[in-house]
Amino acid sequence: MAKVDWITWKTNTDEIINIEKVNNLLDKDIADLNNIIDNVYDNIKSEVDKGGLNSDSLSLNGESPSNVMANNILNNITEIRTIINNLSNKMSNQVLEQKKIEKEQLVTTIEEKIKEQERILENTKLLRNRISAGSDVVNMNDVNNVISSTKEKLEMLYDRLEKAKAI
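Trainee: Hey, could you run me through the overall build of the chain in this one?
Mentor: Regarding its fold elements, the chain presents three helices and zero strands. Put simply, the chain runs from its N terminus to its C terminus through helices and strands in the order α-α-α. Taken over the C-alpha trace, the chain has a radius of gyration of 32 Å; the compact-globule value for 167 residues is 15 Å, which it surpasses by more than 25%. By principal-axis analysis of the C-alpha atoms, the chain measures approximately 110 × 20 × 20 Å. The proportion of buried residues among the 167 residues of the chain is 25%. Considering only intrachain contacts with a sequence separation of at least 6, the fraction spanning at least 24 residues in the chain is 73%.

Trainee: It is not clear to me how the packing of helix α1 (residues 19–50) against helix α2 (residues 65–130) should be interpreted in this structure. Could you clarify?
Mentor: Packed helices, taken two at a time, are described by the angle their axes make and the gap between the axes. As a packed pair, α1 and α2 sit with axes 10 Å apart at the nearest point and diverge in direction by 175°. One way to sum up the angle between α1 and α2 is to call them roughly antiparallel.

Trainee: Whenever I open this one, the pattern of salt bridges confuses me. Can you help?
Mentor: Summed over all chains, the structure comprises six salt bridges. K45 is the partner of D49 in a salt bridge, and the nearest nitrogen-oxygen pair spans 3.5 Å. Of this pair, D49 and K45 both sit in helix α1, four residues apart, which is roughly one turn of the helix. For K45, a relative accessible area of 32% puts it in the partly exposed group.

Trainee: Honestly, the side chain of T11 in this entry has me stumped. Any pointers?
Mentor: Note that T11 resides in the segment before α1. Among the polar contacts listed, one links the side chain of T11 to the backbone nitrogen of T8, at a separation of 2.8 Å. In this structure T11 touches W6, L106 and R160, once residues within four positions along its chain are discounted.

Trainee: Would you mind going over the packing of α2 against helix α3 (residues 140–166) with me for this structure?
Mentor: Contact geometry of α2 with α3 gives a least axis separation of 9 Å together with a crossing angle of 160°. The pairing of α2 with α3 is recorded here as roughly antiparallel in orientation. Between α2 and α3 lies a crossing of left-handed hand.

Trainee: I would appreciate a short explanation of the packing of aromatic side chains in the present structure.
Mentor: Given two aromatic rings, their pairing is described by the distance between the two centres and the angle made by the two planes. Inspection of every chain in the model, using the stated rule, returns zero aromatic pairs. Positioned above the aromatic ring of Y41, the side-chain terminus of R81 is 4.7 Å from the ring centre.

Criteria and thresholds
- Within any chain, residue numbers begin from 1 and follow the written order of that chain's sequence.
- Note on the predicted model: pLDDT of at least 70 is required for a residue's local features to be given, and 80 or more for side-chain atom pairs to be given and counted; whole-chain, interface and lining totals, by contrast, use all residues.
- Just so you know, side-chain values use all the structure's heavy atoms and leave hydrogens and water out.
- Here a helix means four or more residues in a row that DSSP labels H or I, a strand means two or more in a row labelled E, and each is numbered from the N terminus.
- The globule rule used here is 2.2 Å times the number of residues to the 0.38 power, and the radius of gyration it is set against is calculated over C-alpha atoms.
- For every residue, the accessible area (1.4 Å probe, protein chains only) is compared with the maximum for its type, and the residue is labelled buried under 20%, exposed over 50%, or partly exposed between those bounds.
- Only heavy atoms enter the contact rule, under which two residues are in contact if any of them lie within 4.5 Å.
- Interaxial angles span 0 to 180 degrees and are taken between N-to-C directions of axes, which are lines fitted to C-alpha atoms, for helices over the stretch in contact.
- Should an angle fall under 35 degrees it is taken as roughly parallel, and over 145 as roughly antiparallel, whereas 65 to 115 is taken as roughly perpendicular and any remaining angle as oblique.
- Any carboxyl oxygen of Asp or Glu within 4 Å of a side-chain nitrogen of Lys or Arg constitutes a salt bridge here.
- Between N or O atoms, a polar contact is any pair within 3.5 Å; within protein, one atom must be a potential hydrogen donor and the other a potential acceptor, and residues adjacent in sequence are included only when both atoms are from side chains.
- Handedness of a helix crossing follows the sense of rotation of the near helix relative to the far helix, less than a right angle counterclockwise being left-handed and clockwise being right-handed.
- Here a pair means two rings of Phe, Tyr or Trp (six-membered ring of Trp) with centres within 6.5 Å. Their orientation is stacked below 30 degrees between planes, edge-to-face above 60, and tilted elsewhere.
- The rule is short: NZ of Lys or CZ of Arg within 6 Å of the ring centre and within 35 degrees of the ring normal puts a charge over the ring.

Structure (structure tokens):
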């Protein structure tokens, strides 16, 4: 399980792993690898079918070592293709799982920040209700400014939460 300790409530949704981008890169690299493997396979197969590595070449005691080795190589290439396909599938599944983990972490951190801001708002409103007119200790305008800015932060956080849940 990959770590996501870098995700905070400030993390933008575009910083979350991009499945499409990863899969496109993976597909490109696998296609490049398959082209190389196909080229090697086709060249060896052609030699097995048409000449230098067929069962009649360099026969020792009724067996052609070069043909046996060529067929082993062809079988190994087939196994490599299977391994590559399995690895590709596992990587795609892992990317999906990673996105799920990152999304959950982002949602959780935003929800925690919302709770914190709601507590600040609640406590500030309680403070405002306790301030007597003309208090020298606490300025009512300052308290109202804190309430206003906290409400703005909460609006921004709820917007971030909505975006995070949508990814």
